[in-house]
Amino acid sequence: MTDQPLNLSGLDLRAEIDRLRKDRNAIILAHYYQRPEIQDLADYIGDSLELSKKAAATDAEVIAFCGVKFMAETAKILAPEKIVVLPDLDAGCSLEDSCPPEKFAQFRKANPDHIALTYINCSTEVKALSDVIVTSSSAETILAQIPKDQKIIFGPDRHLGGYLSRKFDREMLLWPGVCIVHEAFSETELLKLKAQHPGAPVAAHPECPPHIIDHADYVGSTSGILNFAKTFPGDTLIVATEPHIIHQMELAIPEKTFIGAPGADGQCACNICPYMALNTLEKLYLALRDLKPRIEIEEGLRLQAKKSLDRMLEMAGGTVGKGDLGAMP
């Protein structure tokens, strides 16, 4: 973990962050899985696709990314002229950790007739080895544009890849990574919760394993789940993803009740992402004050990774024709 401040007691952190945001011409981007106090002061809150687009489009000089490292790296890939800071460099991702670049490169080499459709939860190096990056909100749109006879490697999330494979009836080679947060949900405890709230629908993230997805009334990205929460006709929703998104649901629809799906014993906080939790107001203040820790990426690597991200942004917007995919150079 990055070093803790010596003593910030007595500082009005919110006021100081606001001051530094103006002084630095900075934008604060926050993922839905961040702590509520960070969400509340962010300039923009979103999922990976939305935040990628915002990073690419912003005219701010500094991007303070309250999320995890691969997200901040994505911002730097798309906006290299910006200073990109991450409050805690140890804010990683179990999916990224599951897919070492050298092993992914070997896997690609062993399957040369496959393109790599790769989830954004991966390192810059793996992005550079990929053909198209996808997010949970763009994956279906992008997969629908790939010819049926094109062989596909999907990584690093085998649950998201498996969900897409089943939905589209597309056979894919799946990298065996999982998200430790979504893997922690318990089918037994979920069924108990459904029995306690008869009629309450379940909204689940596609990173969940099949035994959770099978009980879901809606499956989608964090943004998709939030939209479903706003539109479903009932008054209670069971939410099977990282529970900090519930903060946005309660702000948007305070008259409804939102219940986080439980972990293995029905009580544990194992569905809270330990990496997202590393970011705090104190660390955000220091990142804006000192303009570090900074995200730096070697230019050749950045340009190679940018190709797969650019394809994602193009295909997610429907501007790339069907089948407009080539082999890896």
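Residues numbered from 1 in each chain as written. Predicted model: local features only at pLDDT ≥ 70, side-chain atom pairs only at ≥ 80, totals over all residues. Heavy atoms only, no water.

1. Topic: the pattern of salt bridges
Turning to step 1, where the next piece is worked out: Scanning the entire structure with this criterion turns up 14 salt bridges.
Turning to step 2, where the next piece is worked out: For Asp131, the salt bridge goes to Arg108, with nearest N and O atoms at 3.1 Å. Residue Asp131 is found in the loop between helix H7 (124-128) and strand E6 (132-134), and its partner Arg108 is found in helix H6 (residues 101-110); the two are separated by 23 residues along the sequence. Considered together, Asp131 and Arg108 belong to a single accessibility category, that of buried residues.
Turning to step 3, where the next piece is worked out: Through salt bridges with shared partners, a single ionic network connects Glu16, Arg19 and Asp23. (Salt bridge = Lys/Arg side-chain N within 4 Å of Asp/Glu carboxyl O. Helix = DSSP H or I, 4+ residues; strand = E, 2+ residues; numbered from the N terminus. Buried < 20%, exposed > 50% of the residue type's maximum accessible area, 1.4 Å probe, protein only.)

2. Digging into the packing of aromatic side chains
In this description, a pair of aromatic rings is defined by centroid distance and the angle of the planes.
Turning to step 1, where the next piece is worked out: Counted by the stated rule, this structure contains four aromatic pairs.
Turning to step 2, where the next piece is worked out: Here the aromatic rings of Phe107 and Trp175 are separated by 5.4 Å at their centres, their planes lie at 75°, and the arrangement is edge-to-face. Of the two residues, Phe107 is situated in helix H6 and Trp175 in the loop between strand E8 (173-174) and helix H10 (180-183); the sequence distance between them amounts to 68 residues.
Turning to step 3, where the next piece is worked out: Given the relative accessible area of 9%, Trp175 is considered buried.
Turning to step 4, where the next piece is worked out: Between the aromatic rings of Tyr218 and Phe228, the centroid separation amounts to 4.9 Å while the plane-to-plane angle is 10°, which identifies the pairing as stacked. In this pair, Tyr218 sits in strand E10 (residues 218-219) while Phe228 sits in helix H13 (residues 222-231), placing the two residues ten residues apart along the sequence.
Turning to step 5, where the next piece is worked out: Residue class for Tyr218 comes out partly exposed when judged on its relative accessible area of 24%.
Turning to step 6, where the next piece is worked out: Here the aromatic residues Phe104, Phe107 and Trp175 are joined through ring pairs into a cluster of three or more. (Phe/Tyr/Trp six-rings, centres within 6.5 Å; stacked < 30°, edge-to-face > 60°.)

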